[in-house]
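Observations on the three-dimensional arrangement
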Amino acid sequence: MRLVRANHSKSGIINIGFPYTIPGQAGVKGVEMVNYGWKQHAKHSDKTNATRQADLSKGGLISQVIFGESAIDLMSFYELNKDKLPFDQSLLVGTGGGLSQNQITNILQTHPEASIHTAFDNDLAGNVYDIKVAAFQLDKELIMRKDGDTITVNLPASEKEFTLKESNLTLTNFRKLSGLRPSLT
């Protein structure tokens, strides 16, 4: 973490900054800035390829990768579960409130043997992120459309399409209806 001030801000308010990087590339590729009731990325941050990565293995073996929406969410997840889950071989990855295939693929290619877990919020956006990570893990094209309170999921390569009520959109239902079996928990 770093203390940062947004260049375009005239207020002079100092924020907590979480540097975003791309595995295998040198340098910081962006910063997620957070303050009380506010968060955004620094101008010119690479939100398509870079992620916030917290290596809890201290440079050792990474046996599990845990994806979450933001660095703050993952810090909270760790605090709530530090006595329940083994984190000493973990990489916590914040996607910054968005989620792209490149973000997930960059991490999966760097840690191909690691088990993949998600710690997204238990809401519509979190369920969508769970499903996207599952599809990206299997390298499947995924198109999702929202119409009122229904979500249509399309997997073009397998010619599968199904519609769910928003309240039924879960990773479990995605597995059942798509026939895909991502090794994601």
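Check the entry above for the structure.
Being a predicted model, the structure only gives us computed values, none of them experimental.

Structural notes on the sheet that holds strand β10 (residues 150-155)
With respect to topology, three strands assemble into an open sheet ordered β9-β10-β11, the strand pairing being antiparallel. Unpaired on one side and paired on the other, β9 (143-147) and β11 (160-165) mark the two borders of the sheet. Here the strands of the sheet are splayed against their neighbours by 20° on average, with no regard to which way each runs. One ladder, built from five bridges, connects β9 with β10; its direction is antiparallel. Counterpart to arginine 145 in the pairing with β10 is threonine 152.

Considerations on the environment of phenylalanine 120
With respect to the element layout, phenylalanine 120 can be found in the loop between β8 (115-118) and α3 (124-137). Linking phenylalanine 120 and aspartate 55, residues 65 residues apart in sequence, is a C-alpha distance of 18 Å.

Details of the packing of aromatic side chains
The final tally for this structure, using the stated rule, is four aromatic pairs. For the ring pair phenylalanine 77 and phenylalanine 87, a centre distance of 6.2 Å and an interplane angle of 85° mean the geometry is edge-to-face. Pair noted here: phenylalanine 77 is in helix α1 (residues 71-81) and phenylalanine 87 is in the loop between α1 and β7 (90-94), with a separation of 10 residues, a long-range link. Relative to phenylalanine 87, the ring of tyrosine 78 lies with its centre 4.9 Å away and its plane at 65°, an arrangement referred to as edge-to-face.

Thoughts on the sheet that holds strand β5 (residues 52-55)
Across the sheet, four strands lie side by side as β5-β7-β6-β8; this open sheet has mixed pairing. Both outer strands of the open sheet, β5 and β8, are each paired with one neighbouring strand and no more. Sheet twist, expressed as the mean angle between neighbouring strand axes with direction ignored, is 20°. Across four bridges, β5 lies against β7 in antiparallel orientation.

With respect to the side chain of threonine 51
As for its position among the elements, threonine 51 is in the loop between β4 (38-41) and β5. Threonine 51 sits in the buried class, given a relative accessible area of 0%. At a separation of 3.1 Å, a polar atom in the side chain of threonine 51 contacts the side chain of glutamine 53. Not counting the four nearest positions on each side in its chain, threonine 51 is found in contact with Pro19, Tyr20, Thr21, Val93, Gly94, Gln103 and Ile107.

As for the nonpolar core
By size, the foremost hydrophobic cluster in this structure holds 30 residues, and its most contacted members are Val65, Phe67, Val133 and Phe174. Within the residue set of this core, elements represented by two or more residues are β6 (64-68), β7, α2 (101-110), α3, β10, β11 and α4 (171-178). Among the elements that take part in this core, α3 stands out by supplying seven residues, more than any other. Sequence-distant contacts of valine 65, defined by excluding residues within four places in its chain, comprise Leu91, Val93, Ile107, His111, Ala114, Ser115, Ile116 and His117. Within the second largest apolar cluster, five residues are counted, among which are Leu74, Phe87, Leu92 and Ala119.

A short note on the side chain of glutamine 103
Residue placement: glutamine 103 occurs in helix α2. Polar side-chain contacts of glutamine 103 include one of 3.1 Å to the backbone oxygen of threonine 95. In contact with glutamine 103, not counting residues within four places along its chain, are Lys47, Thr48, Asn49, Ala50, Thr51, Thr95 and Gly98.

Concerning the pattern of salt bridges
This structure, assessed with the given rule, holds four salt bridges. A salt bridge links glutamate 161 to arginine 145; its shortest N-O distance comes to 3.9 Å. One end of the pair, glutamate 161, is in strand β11; the other, arginine 145, is in strand β9, with 16 residues separating them in the sequence. Taking the relative accessible area as the measure of exposure, glutamate 161 reaches 48% and is therefore partly exposed. Where glutamate 166 meets lysine 146, a salt bridge forms, and the shortest distance between an N and an O atom there is 3.0 Å. With glutamate 166 in the loop between β11 and α4 and lysine 146 in strand β9, this residue pair connects regions lying 20 residues apart in the sequence.

Thresholds, definitions, all that
Residues numbered from 1 in each chain as written. Predicted model: local features only at pLDDT ≥ 70, side-chain atom pairs only at ≥ 80, totals over all residues. Heavy atoms only, no water. Pairing = 2+ DSSP bridges. Helix = DSSP H or I, 4+ residues; strand = E, 2+ residues; numbered from the N terminus. Axes fitted to C-alpha atoms, helices over the stretch in contact; angles between N-to-C directions. Phe/Tyr/Trp six-rings, centres within 6.5 Å; stacked < 30°, edge-to-face > 60°. Buried < 20%, exposed > 50% of the residue type's maximum accessible area, 1.4 Å probe, protein only. Polar contact = N/O pair within 3.5 Å; in protein donor to acceptor, adjacent residues only side chain to side chain. Contact = heavy atoms within 4.5 Å. Core = buried A, V, L, I, M, F, W, Y, C linked by side-chain atoms within 4.5 Å. Salt bridge = Lys/Arg side-chain N within 4 Å of Asp/Glu carboxyl O.

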